[in-house]
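Spelled out, the chains give:
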Amino acid sequence: YLLSAVGMGMALAGCSGSGPEDTEDEVIDADAEEVVVRLDDLDSGWSGGLQEDENSDAKAVYLNADITAEITVDKHSDIGSAEDGYDELESEETESTSSDSVDYGNEGFLVNPFEGLVIIGFRAGNFVFKIESYTTEGSPMNPEDPARDMADIITGKISDIQND
């Protein structure tokens with residue numbers, strides 16, 4: 001699951017976040033590749049991009065010094081299926097650790113299963129997102145910052161699509 005991290009974390013491009021009150025619970029008419037974070041959404045210093053993944057509709061992996069961020073996107077045909085997919089993800093990721101609620105999409109969670117790893121999972125309409133951000137051992141970087149920044153970028157893209 002986790003890739004070996006190489007590189008050093010810098011700030012991500014600023015995007016305003018959208019909370020649950022800002023994301024309508026509706027089927028979003030977009031491809032998974034339209035809503036995933038792209039390299040040009042990030043500040044300089046990041047490398048990586050989209051990768052093939054038979055288990056998701058879109059996947060991107062980005063490296064920046066001590067930080068690796070991995071994003072997976074699953075597009076569902078309807079809200080009910082997406083809710084089930086989100087519930088399954090939340091159950092898997094929070095089984096052995098406590099979680100906090102986060103204001104991304106329609107519902108979301110954040111877990112920090114161990115030092116140096118943060119996972120944000122959230123559902124926006126018919127999409128389910130998982131963002132894993134982790135650092136190399138002993139890094140002073142906080143993996144939560146890029147994970148939250150990437151969630152902000154995604155929710156900004158969804159908001160733009162919904163408002164078109």
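Residues numbered from 1 in each chain as written. Predicted model: local features only at pLDDT ≥ 70, side-chain atom pairs only at ≥ 80, totals over all residues. Heavy atoms only, no water.

Chemist: Mind showing me how you'd approach the confidence of the model for the protein chain here?
Modeler: Low pLDDT marks regions whose predicted coordinates should not be analysed in detail. Chain-level pLDDT for the protein chain is 86 on average; 86% of the residues reach the 70-or-more range. Here residues 1-22 is modelled with pLDDT under 50, and outside its nearest four sequence neighbours on either side it reaches 70 contacts, counting other chains as well. (pLDDT = per-residue confidence, 0-100. Contact = heavy atoms within 4.5 Å.)

Chemist: Could you clarify how one ought to interpret the sheet that holds strand β1 (residues 47-51) in this entry?
Modeler: Each strand in a sheet pairs with its neighbour through backbone hydrogen bonds, running either in the same direction (parallel) or in the opposite one (antiparallel). Spatially, 7 strands are ordered β1-β2-β3-β7-β6-β5-β4 in an open sheet, and the strand pairing comes out antiparallel. Only two strands of the sheet have a single partner each, and these edge strands are β1 and β4 (99-101). Averaged over all pairs of adjacent strands, the angle between their axes in this sheet comes to 15°, without regard to strand direction. Sheet analysis places strand β5 (residues 107-114) next to strand β6 (residues 117-124), joined by 6 bridges and oriented antiparallel. Among the inter-strand pairings, V111 is bridged to a residue of β6, identified as I119. (Pairing = 2+ DSSP bridges. Helix = DSSP H or I, 4+ residues; strand = E, 2+ residues; numbered from the N terminus. Axes fitted to C-alpha atoms, helices over the stretch in contact; angles between N-to-C directions.)

Chemist: What am I meant to see in the nonpolar core here?
Modeler: One recurring pattern in soluble globular proteins: nonpolar side chains tend to sit buried together. I71, V73, F129 and M150 are the most contacted members of the largest nonpolar core, which totals 31 residues. Those elements giving two or more residues to this core turn out to be α1 (32-35), β2 (58-64), β3 (67-75), β6, β7 (127-135) and α3 (144-162). Sorting elements by how many residues they give to this core places α3 first, with 6 residues. A82, Y86, V111 and V128 belong to the second largest nonpolar core, which has 9 residues in total. (Core = buried A, V, L, I, M, F, W, Y, C linked by side-chain atoms within 4.5 Å. Buried < 20%, exposed > 50% of the residue type's maximum accessible area, 1.4 Å probe, protein only.)

Chemist: Hey, could you run me through the packing of aromatic side chains in this one?
Modeler: Between two aromatic rings, the relevant description is the distance of the centres plus the angle of the planes. Within this structure, the stated rule accounts for 4 aromatic pairs. Residues Y86 and F109 carry aromatic rings whose centres are separated by 5.9 Å and whose planes lie at 50° to one another, so their mutual orientation is tilted. A residue pair is termed long-range when its members are at least 10 positions apart, and Y86 in helix α2 (residues 79-94) and F109 in strand β5 qualify at 23 residues. Each member of the pair, Y86 together with F109, is buried. With a centroid separation of 6.0 Å and 20° between ring planes, the pair formed by F127 and F129 is classed as stacked. Considered together, F127 and F129 belong to a single accessibility category, that of buried residues. Site record: aromatic cluster; members linked through ring pairs are Y104, F122, F127 and F129. (Phe/Tyr/Trp six-rings, centres within 6.5 Å; stacked < 30°, edge-to-face > 60°.)

Chemist: Would you mind going over the pairing of β3 with me for this structure?
Modeler: When a strand is regular, its side chains alternate between the sheet's two faces. For β3, a buried count of 7 out of 9 residues is recorded, marking the element as mostly surrounded by other parts of the structure. Two elements, β2 and β3, share 7 bridges in a ladder whose sense is antiparallel. Bridging from a neighbouring strand, V61 pairs with E70 of β3. Hairpin geometry of β2 and β3 is characterised by an intervening segment of 2 residues between the two adjacent antiparallel strands and by a positive phi of about 55° at A65. Two elements, β3 and β7, share 9 bridges in a ladder whose sense is antiparallel. Bridging from a neighbouring strand, E70 pairs with E132 of β7.

Chemist: Where do I start with α2 in this structure?
Modeler: Note: α-helices contain 3.6 residues per turn, so residues at a spacing of three or four share the same orientation. Its 16 residues place the ends of α2 22 Å apart at the C-alpha level, agreeing with the 22 Å of an ideal helix rising 1.5 Å per residue. Contacts made by the buried residues of α2 are with β4, β5, β6 and β7. Among the residues of α2, the N-terminal cap falls to D78, whose side-chain oxygen and the backbone nitrogen of G80 are separated by 3.1 Å. (Expected span 1.5 Å × (residues − 1). Polar contact = N/O pair within 3.5 Å; in protein donor to acceptor, adjacent residues only side chain to side chain.)

Chemist: In this structure, what is going on with the pairing of β6? I would like to understand it.
Modeler: Taken across its 8 residues, β6 has 8 buried, putting it largely inside the fold. Counted along the chain from β5 to the antiparallel partner β6, the turn is 2 residues long, and its residue G116 has a positive phi close to 95°. Both β6 and β7 contribute to a ladder of 8 bridges, which runs antiparallel. Bridge pairing in β7 links I119 to E132. Counting the residues that bridge the hairpin from β6 to β7 gives 2 residues, and of these G125 lies at a positive phi of roughly 60°.

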